[in-house]
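Residues per chain, in single letters:
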Amino acid sequence: MKKTTLLTLAAMALMASCQKTEDEKAASLMNKIDSLYKAGNYQATLNAITRLRANHPKAVESREKALKIWQDASLKMTQAEIGRTDSALQATIAQYGAEKDLYRKNMLRVKRDSLQVRYDALCGTVRVIHKRQAED
């Protein structure tokens, strides 16, 4: 009886050691995340990281690596959006200064103010990301 129990425990330990860890199960998705990030496809990278979080909640090491990639991809996306917003803001400011019609000038002022708020919010996002990266 004692020998059977020991054999059963040994067999269970052997079977448990043969099973993949959560990080090993998440490895293929992490490879995809890395390749998407290196290719500059940041939105797809963020989507893949979201899938990683949902499908492998116990893959701690993979999730830690993915968090850094998430921050980097978010930062690059936000910086690109800042560039586009700044260009639109500068063009709107130039149009506003040249406009003579009062109605169109008021519409340009609304657009300028909206772009300025968007620009400020994006810059705030970059500051937050930088702060979080410094904490890690």
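So, a few notes on the structure that sits alongside this text. By convention here, each chain's residues receive numbers from 1 onward along its written sequence. Local features in a predicted model are, by the rule used here, given only for residues with pLDDT of at least 70; side-chain atom pairs are given and counted only at 80 or more, and totals for whole chains, interfaces and linings are based on all residues. The basis for every side-chain value is the complete set of heavy atoms in the structure, and neither hydrogens nor water enter the calculation.

**Describing the nonpolar core**
Think of a nonpolar core as a cluster: buried Ala, Val, Leu, Ile, Met, Phe, Trp, Tyr and Cys residues, connected wherever their side-chain atoms sit within 4.5 Å. Categorising residues by exposure relies on relative accessible area from a 1.4 Å probe, with only protein chains included: less than 20% of the type maximum marks a residue as buried, more than 50% marks it as exposed, and the intermediate range marks it as partly exposed. Counting 11 residues, the largest nonpolar core consists of Ala26, Leu29, Met30, Ile33, Leu36, Ala48, Ile49, Leu52, Ala59, Ala66 and Ile69. A run of DSSP states H or I qualifies as a helix once it reaches four residues; a run of E qualifies as a strand once it reaches two. Both are numbered from the N-terminal end. A per-element tally of this core places helix α2 (residues 22–38) first, with five residues. The criterion used for residue contact is that any of the two residues' heavy atoms lie within 4.5 Å. Discounting chain neighbours no more than four positions away, the residues touching Ala48 are Leu29, Ile33 and Leu36. One finds Leu75, Ile82, Leu122 and Val126 within the second-largest nonpolar core, a separate group that totals six residues.

**Regarding the pattern of salt bridges**
Here, a salt bridge means any side-chain nitrogen of Lys or Arg that lies within 4 Å of a carboxyl oxygen of Asp or Glu. If you walk through the whole model with that rule in mind, you get seven salt bridges. A salt bridge links Asp72 to Lys68, with the nearest nitrogen and oxygen atoms 3.3 Å apart. Here Asp72 and its partner Lys68 are both found in helix α4 (residues 60–98), four residues apart, which amounts to about one turn of the helix. Judged by relative accessible area, Lys68 falls into the exposed class, the value being 52%. The closest approach of N and O atoms between Arg118 and Glu81, which form a salt bridge, is 2.8 Å. Placement of Arg118 in helix α5 (residues 102–135) and of Glu81 in helix α4 is noted, with a sequence separation of 37 residues between them. Residue Arg118 is classed as partly exposed on the basis of its relative accessible area, which comes to 41%.

**With respect to helix α3 (residues 42–55)**
To estimate the expected span of a helix, subtract one from its residue number and multiply by 1.5 Å. Over its 14 residues, α3 extends 20 Å from the first C-alpha to the last, a length consistent with the 20 Å expected when each residue adds 1.5 Å. Where α3 is concerned, the buried positions are Thr45, Leu46, Ala48, Ile49 and Leu52. All buried residues of α3 fall inside an arc of 160° around its axis, so they share one side. α3 presents Ala54 and Asn55 as exposed residues on the side facing more than 90 degrees away from its buried surface. Sitting at the head of α3, Asn41 places a side-chain oxygen 3.5 Å from the backbone nitrogen of Ala44. Taken from the helix axis, the directions to the C-beta atoms give the arc we talk about. Whenever two N or O atoms come within 3.5 Å, that pair is a polar contact, provided that in protein one can donate a hydrogen and the other can accept it, and provided that, for residues adjacent in sequence, both atoms are side-chain atoms.

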